[in-house]
Amino acid sequence: MERRNRSISRPDRRDQIELVLFDVDGVLTDGTLLIGPEGEALKPFNVRDGVAIGLLRQHGIKSGVLSAKSSQPLMTRATQLGMDVIKIGFSRKLEAIQQIAEEQGIAADRIAFAGDDVIDIPVMREVAAAYAPADAHPLVLDTADYVTKAEGGRGVAREIAEDLLSARGLDLAGMYAHLLGDDEALRRIVQ
């Protein structure tokens, strides 16, 4: 994880994050769209990111998706993972983030967001911690507070989850303590 030096410096509030929102295409996926005769048929997600959502939940951090696109594969995956917020089909993401904050009762300075394209920049400027995958658009990389080592669809959410928990003072063993030696907990988190 790379900490970016931004012209607009914000205090580090990663240890106070209550909700992490992810853009989907280019963050939770590599941006590939597989279109069949009925529309979008498949969307490749990374299982490591599924583990990340369970890890966040285990440590009291809510998760969700905020995407301009709407698709059945996305809805299925977000539901499978038990995400707390599913906002899809929102091209005006800044309005959506304000709505989410109100609905969840969480101030914007307690929300982290991961985005990869220019449509995500207004939200990234609004939240407490803005993340971008390594292969995000250059303007997004300039806006992000933190840039993952992973590219979109390659474990970005996992890297973000571990970064947020590290900011709370947990080491890797502490983050995963509930899984080590507990097969039932492992089955619940790996979906």
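Just so we're clear, the structure is a prediction, and the values are computed from it rather than from any experiment.

Caption draft 1: Broad picture of the overall build of the protein. Secondary structure assignment for the protein yields nine helices and nine strands. By residue count, 48% of the 191 residues in the protein fall in the buried class. Long-range contacts, defined as pairs at least 24 residues apart, comprise 58% of the intrachain contacts of the protein with a sequence gap of at least 6. For the protein, the exposed area adds up to about 9,000 Å²; of that, 49% sits on carbon and sulfur atoms.

Caption draft 2: Highlighting the pattern of salt bridges. Evaluation of the coordinates by the stated rule reveals nine salt bridges. As a salt-bridge pair, Arg14 and Asp12 come within 2.8 Å of each other at their nearest N and O atoms. Taking relative accessible area as the criterion, Arg14 reaches 14% and is therefore assigned buried. Look at Asp12 and you get partly exposed, because its relative accessible area is 41%. Residue Asp23 is joined to Lys93 by a salt bridge in which the shortest nitrogen-to-oxygen separation is 2.9 Å. Within this pair, whereas Asp23 is found in the loop between β2 (19-22) and α1 (24-28), its partner Lys93 is found in helix α4 (residues 93-104), the two being separated by 70 residues in sequence. Side by side, Asp23 and Lys93 carry an identical accessibility label, which is buried. If you follow the salt bridges from partner to partner, you end up with Asp12, Arg14 and Asp163 in one network.

Caption draft 3: Seen up close, the sheet that holds strand β1 (residues 2-3). Strands sit in the order β1-β9-β8-β7-β2-β5-β6 across an open sheet of seven strands; the sheet is mixed. At either end of the open sheet lies a strand with only one pairing partner, and these are β1 and β6 (85-88). Together, β5 (62-67) and β6 form the strand contacts of helix α3 (residues 72-80), whose direction differs from that of β6 by roughly 170°.

Caption draft 4: Layout of α3. Within the sequence span of α3, burial applies to Pro73, Leu74, Arg77 and Ala78. Buried residues of α3, seen end-on, are gathered within an arc of 125° and therefore sit on one face of the element. Set apart from the buried face of α3 by more than 90 degrees, the exposed residues are Gln72 and Thr79. Once α3 ends, the next one or two residues include Gly82, with phi positive near 70°.

Caption draft 5: Fine view of the pairing of β6. Two strands pair when backbone bridges link them, and β5 and β6 are joined in this way by four bridges, in the parallel orientation. If you follow Ser67 over to β6, its bridge partner there is Ile88.

Reading the values: rules and limits
Residues numbered from 1 in each chain as written. Predicted model: local features only at pLDDT ≥ 70, side-chain atom pairs only at ≥ 80, totals over all residues. Heavy atoms only, no water. Helix = DSSP H or I, 4+ residues; strand = E, 2+ residues; numbered from the N terminus. Buried < 20%, exposed > 50% of the residue type's maximum accessible area, 1.4 Å probe, protein only. Contact = heavy atoms within 4.5 Å. Areas by Shrake-Rupley, 256 points an atom, 1.4 Å probe, with all protein chains shown as cover. Salt bridge = Lys/Arg side-chain N within 4 Å of Asp/Glu carboxyl O. Pairing = 2+ DSSP bridges. Axes fitted to C-alpha atoms, helices over the stretch in contact; angles between N-to-C directions. Arc of directions from axis to C-beta.

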